[in-house]
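# Structural overview for review
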Amino acid sequence: MDGNGRWAKRRGLPRSAGHSAGARTFKTIARYANKIGIKYMTVYAFSTENWSRPKDEVNNILELFKQYLRDASNFKDENIKVKFIGDFNEPHLDDEILTLIADAEKNSENATGMHLNIALNYGGRQEITDAVKIVAEKVAKKEICANDITEEVIADNLYTSGQPYPDLIIRPSGEYRLSNFLIWQSAYAEFWFSDVLWPDFKPKHLDKAIEDYSMRNRRFGGI
Ligand code: FPP
């Protein structure tokens, strides 16, 4: 969800206004994606690298997460199943936010609509490192042999365990990089880039991304 800062700057507004607008876009797009039948959607909300931003900005973004989580009505009527993915052994993530996250996941656990992953303190390399640690412990306890470690074993220990790999990755705001997002899962994903800044991203942009995606010829390394 990139480009919040530039969106605000262009309007002479503080960066916090850009993040608030980004949060509104997040809700609109998540609702729309669910409505049109997307089964899994992951949004990159805060990376393991974002802590290096000024303290005020970090606090502002954390407050937006809390506001979203406190609003019990969020996505309730839409039947969206929410899951947070990331490293939650992080001192900045206080008990309040961890409890709100646990409650949001619990409250939506029986939802049968779209699976919505919110990546918070997320880093793809960190995710793979965490998976390797879990698998290494299983080897140390002799629960599995090193030779039995397959790609499936690693995938089963990622934060996204049990979910399909993404078909389409959308990056707004004119940047052409993955920035440590779902690096394992995206090995064969299709990419769609747009200059539109995240707060300006509309359902029509998602429609266009899907339309373009539907024209792609996915070969998965075959011919
Ligand atoms: C990147 O844009 C955006 C972020 C690091 C924060 C994203 C957070 C939200 C959209 C808010 C709330 C989300 C939820 C799930 C309620 P940037 O600040 O790097 O933009 P710039 O590149 O233009 O400076």
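Above this text sits the structure in question.
This report concerns the structure included in the present document. Residues take numbers from 1 onward in each chain, read along the sequence in its written order. Per-residue local features are limited, in this predicted model, to residues with pLDDT of at least 70; the limit for side-chain atom pairs, both in listing and counting, is 80 or more; totals at the level of whole chains, interfaces and linings are taken over all residues. Each side-chain value is derived from all of the structure's non-hydrogen atoms; neither hydrogens nor water enter the calculation.

## Here we look at the site of the ligand
For the ligand, the set of nearby residues contains 18 residues, the closest of which are Gly5, Arg6, Arg15, His19 and Arg53. Identification of polar contacts relies on pairs of N or O atoms within 3.5 Å, with a donor-acceptor requirement for protein atoms, meaning one able to donate a hydrogen and the other able to accept it, and with residues adjacent in sequence counted only if both atoms are side-chain atoms. Contact distances for the ligand include 3.2 Å between an oxygen atom and a backbone N or O atom of Asn4. Gly5 places a polar main-chain atom, nitrogen or oxygen, 3.1 Å from an oxygen atom of the ligand. Broken down by secondary-structure element, the contributors of at least two residues to the shell around the ligand are α1 (4–10), α2 (15–35) and α3 (55–70). The criterion for a residue being near a molecule or strand is simple. One of its heavy atoms has to lie within 4 Å of it. Counting from the N terminus, the helices are the DSSP runs of H or I reaching at least four residues and the strands are the DSSP runs of E reaching at least two.

## Comments concerning helix α7 (residues 203–215)
Given the number of residues in a helix, its expected span is that number minus one, multiplied by 1.5 Å. The terminal C-alpha atoms of α7 lie 19 Å apart, and with 13 residues this matches the ideal 18 Å at 1.5 Å per residue to within 8%. For α7, the set of buried residues is His205, Leu206 and Ala209. Within α7, the buried residues cover an arc of 100° as seen down the axis, which keeps them to one side. Opposite the buried face of α7, by more than 90 degrees, sit the exposed residues Lys204, Ser214 and Met215. In this analysis, two residues are considered to be in contact whenever any of their non-hydrogen atoms come within 4.5 Å of each other. Buried residues along α7 sit in contact with α2, β4 (168–171) and β5 (190–193). When a residue's accessible area, from a 1.4 Å probe over protein chains only, is under 20% of the maximum for its type it is buried; when over 50% it is exposed; and in between it is partly exposed. Here the arc refers to the directions that run from the helix axis out to each C-beta atom.

## A few points about the nonpolar core
Formed by 34 residues in total, the largest nonpolar core has its most connected members in Leu116 and Ile118. If you list the elements that add at least two residues to this core, you get α2, β1 (40–47), α3, β2 (81–85), α4 (95–107), β3 (115–122) and α7. The biggest single contributor to this core is α3, with 6 residues. Non-local contacts of Ile118, meaning those with residues more than four positions away in its chain, are made with Phe26, Val43, Ala45, Tyr68, Val82, Lys83, Phe84 and Ile85. Grouping buried Ala, Val, Leu, Ile, Met, Phe, Trp, Tyr and Cys residues that are joined through side-chain atoms within 4.5 Å yields what is termed a nonpolar core.

## What about the layout of surface pockets?
Considering only enclosed or pocket space, the second largest pocket measures out at about 320 Å³ in volume. With a 1 Å grid spanning the protein atoms alone, the term cavity applies to any set of points in which a 1.4 Å probe fits but cannot get out, the term pocket to an open set with protein on both sides within 12 Å along at least five of seven lines, and the term lining residue to any residue with an atom within 4 Å of a point. Taken together, 18 residues form the lining of the second largest pocket, with Ala72, Asn74, Ala104, Asn107 and Ser108 sitting closest to its centre. If you list the elements that add at least two residues to the lining of the second largest pocket, you get α3, β2 and α4. Residue contributions to the lining of the second largest pocket peak at 4 residues, all from α4. Partitioned by chemical class, the residues of the lining of the second largest pocket number 10 nonpolar, 5 polar and 3 charged. Grid points are joined across faces, edges and corners, and a volume is the space filled by probe spheres set on the points. In this classification, the charged set is Asp, Glu, Lys and Arg, the nonpolar set is Ala, Val, Leu, Ile, Met, Phe, Trp, Tyr, Cys and Pro, and all remaining amino acids, among them Gly, are polar.

## Focus on α3
Working note: α-helix, 3.6 residues per turn, so residues spaced by three or four point in the same direction. The first and last C-alpha atoms of α3 sit 22 Å apart over 16 residues, in line with the 22 Å expected at 1.5 Å per residue. Contacts from the buried residues of α3 go to α2, β1, β2, α4 and β3.

## Things to note about the pattern of salt bridges
Take a side-chain nitrogen of Lys or Arg and a carboxyl oxygen of Asp or Glu: if they are within 4 Å of each other, that pair is a salt bridge. This model, assessed by the stated rule, comprises 17 salt bridges. The partner of Arg177 in a salt bridge is Glu175, and the shortest N-O contact between them spans 3.3 Å. Arg177 sits in the partly exposed class, given a relative accessible area of 47%. Within this structure, Asp2, Arg6, Arg171, Glu175 and Arg177 form a network of salt bridges that share partners.

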